[in-house]
Amino acid sequence: MFKNKKLKMIISELFPFLVVIVIWELVIDLGLIKPFFLPSFSVVIQYLWEILISGELIKHFAITIYRMLVGYFIGAAAAIILGMAIGLSNPMRKFFSPLIAATFPLPKISLLSLFIVVFGIGDPPIIASIVATASFPILLNTITGIVAVDDLLIKAAYNLGATKRQVMTKVILPGALPVIFAGLKIGAAISLVVVIAVEMYIGNTGVGYLLSWATEFFKMPLLYANLIAIGIFGVFIFRGLDRIEKWVIPWKKEN
Amino acid sequence: MEILIKNISKTFNQRGMEMCAIKDISFDIHDGEFFTLLGPSGCGKSTLLHIISGMEKPTSGLVEFNGVKKSSGPLNTMVWQGYALFPWRTVRENIVFGCEVRGISKKDRYKKVEDFIELVDLKGFENHYPHELSGGMKQRVALARSLCNDPEILLMDEPLAALDAQTRTLMQIELLRIWSQFKKTVVYVTHSIDEAVLLGDRIAIMTARPGTIKEIVSVDLPRPRTLETMTSTKFHQLADMAWNAIKYELNKKF
């Protein structure tokens, strides 16, 4: 019964993609779009398969994932530590609030030129761009999450005999966790976008580089194969994050 | 634990104006007594409760605790109208919180928590999270959490006010049953006359702001009190008396 239900769910989730693929092939067959702009699905899949077994795709993905993870973890760690310090201390909040308000509207990706000057080429400017962009929503959410913890819960904890330190570890941190995690999810989405965009701009390896290379030489099937691979990768990342969220925040209401 | 309240006043500073919330209140609460504070909303009864708990400091006056025995727990624990349960902790983990932060060994505290889960009739819900419980169940968890901490005094701040009328009545009877098993001093704040009469040994009726004690009424209804108590003539006489005392205060504000 359960197995059947799961199968049904998978089929109902895949069905829309099937429809898109059928329309895709139809559009080509009817000659509505030139194959140069949109190669047929089967050709794209063939290319995807080729770069997959040649190891080319995996090589570039590995580099992209490495850059993304390093940038994301540095950014997340720094943002959570700083966010906690700011959220928990009034003087810190007074000091940092104007700075955050001033830097918030600046698109952090515009710092890329600076990073290129400072770090040269290669991984460092790419990683620095991810740190700069992904850390911001995590920082803001950490501060908001900590400040928004219900005052009544803090009072109740003190009344039950908790020390200041216990209130911090047993009330404020778990209370802020759902909001912090929401920030981590936004940060992950931004890191994926930024790593690929920066690789397209300055990389000579990585999935972003592969994309810009395919564009430059008008290798349209390769371009589409890459897009599909990135799409699938993105889905896995967000499914994975949802799993982790359920495990870390088991009390969160199911919607 | 006997509580002596001596000349308590509390003024707040509100937009640069001195606002007197309660004024020169003095009375005693006996050891093991169920004492209710009844008054119109905004009369400062919650403020007085918070002063008794030590969470707020009075502007003048003092609260003395005439303790004879001292149990292992803190002086008082509070049961809040908003439940104040930790959403990330299960029923069991919520109830055990006080023992946990006071450093009672894991084995002892989890043995103890089972008794309280049984006392408040929540067997089978130990591993539920608060958002999976009804309002009545949430307040039972909050009550168990306070009691599991071995307080000398239980302070209750309109704990049933958020419940619907039927659930509230059932919880009042339930609360009396639980109280009869541990017999600790209870200070119970309410704006419901029926509730004050049904639960309390004595009722302190407060005036509108600035809050003072208008009258202290002894409720000589026999215990155990049940749903039938609420239909007795004596109950209605006491409720009428309380209503007459409070009506004047309400009119002052209305």
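The structure this text deals with has already been given above.
### A few points about helix α5 (residues 135–147) of chain B
What sets the pattern is the α-helix's 3.6 residues per turn: residues three or four places apart point alike.
Residue and element names in this part refer to chain B.
And then number 1: Taking 1.5 Å of rise per residue, 13 residues should cover 18 Å, and α5 covers 18 Å from first to last C-alpha, within 8% of that figure.
And then number 2: Most of α5 sits out of view: 11 of its 13 residues are buried.
And then number 3: Buried residues belonging to α5 abut β5 (76–79), α2 (91–95), α3 (97–101), α4 (106–119), β6 (153–157) and α6 (165–182).

### Focus: the interface of chain B and chain A
And then number 1: With 18 residues of chain B at the contact, the number on the chain A side is 14 residues.
And then number 2: For the side of chain B that touches chain A, the secondary structure elements donating two or more residues are β5 and α3 of chain B.
And then number 3: Among the elements that take part in the side of chain B that touches chain A, α3 of chain B stands out by supplying 3 residues, more than any other.

### Focus: the packing of helix α8 (residues 164–202) of chain A against helix α10 (residues 220–248) of chain A
All names here are of chain A.
And then number 1: Packing of α8 against α10 brings their axes to within 11 Å, and their N-to-C directions diverge by 165°. By the criterion of interaxial angle, the relationship of α8 to α10 is roughly antiparallel. Crossing handedness for the pair α8 and α10: right-handed. Every residue of α10 that contacts α8 at L177, F181, K185, A188, L192 and I196 is listed here: I230, G234, I237, L241, E245 and V248.

### What to know about the sheet that holds strand β2 (residues 17–29) of chain B
Residue and element names in this part refer to chain B.
And then number 1: Ordered by their spatial adjacency, 3 strands build an open sheet running β2-β1-β4, and the pairing between neighbours is antiparallel. Two strands bound the open sheet, and with one partner strand each, they are β2 and β4 (60–66). Taking the axes of each pair of neighbouring strands and ignoring which way they run, one obtains an average angle of 15° across the sheet.
And then number 2: Both strand β1 (residues 2–14) and β4 contribute to a ladder of 6 bridges, which runs antiparallel. From the neighbouring strand, I5 faces β4, where its bridge partner is V63.

### A word on the sheet that holds β6 of chain B
In any sheet, the strands associate via hydrogen bonds between backbone groups, in a parallel or an antiparallel arrangement.
Residue and element names in this part refer to chain B.
And then number 1: Pairing in this open sheet of 6 strands is mixed, and the strands run β5-β6-β7-β3-β8-β9 from one edge to the other. Looking at strand neighbours, the two that pair on one side only are β5 and β9 (213–218), the edges of this open sheet. Going across the sheet, the axis of each strand differs from the next one's by a mean of 15°, ignoring polarity.
And then number 2: Pairing geometry for strand β8 (residues 202–206) and β9, over 5 bridges, is antiparallel. Following the sheet pairing, R202 is matched in β9 by S218.

Calculation criteria
Residues numbered from 1 in each chain as written. Chains lettered and ligands numbered in written order. Predicted model: local features only at pLDDT ≥ 70, side-chain atom pairs only at ≥ 80, totals over all residues. Helix = DSSP H or I, 4+ residues; strand = E, 2+ residues; numbered from the N terminus. Expected span 1.5 Å × (residues − 1). Buried ≥ 20, exposed ≤ 12 C-beta atoms within 10 Å, placed from the backbone. Contact = placed C-beta atoms within 7 Å. Axes fitted to C-alpha atoms, helices over the stretch in contact; angles between N-to-C directions. Parallel < 35°, antiparallel > 145°, perpendicular 65-115°, else oblique. Left-handed = near helix turned anticlockwise from the far one by under 90°. Pairing = 2+ DSSP bridges.

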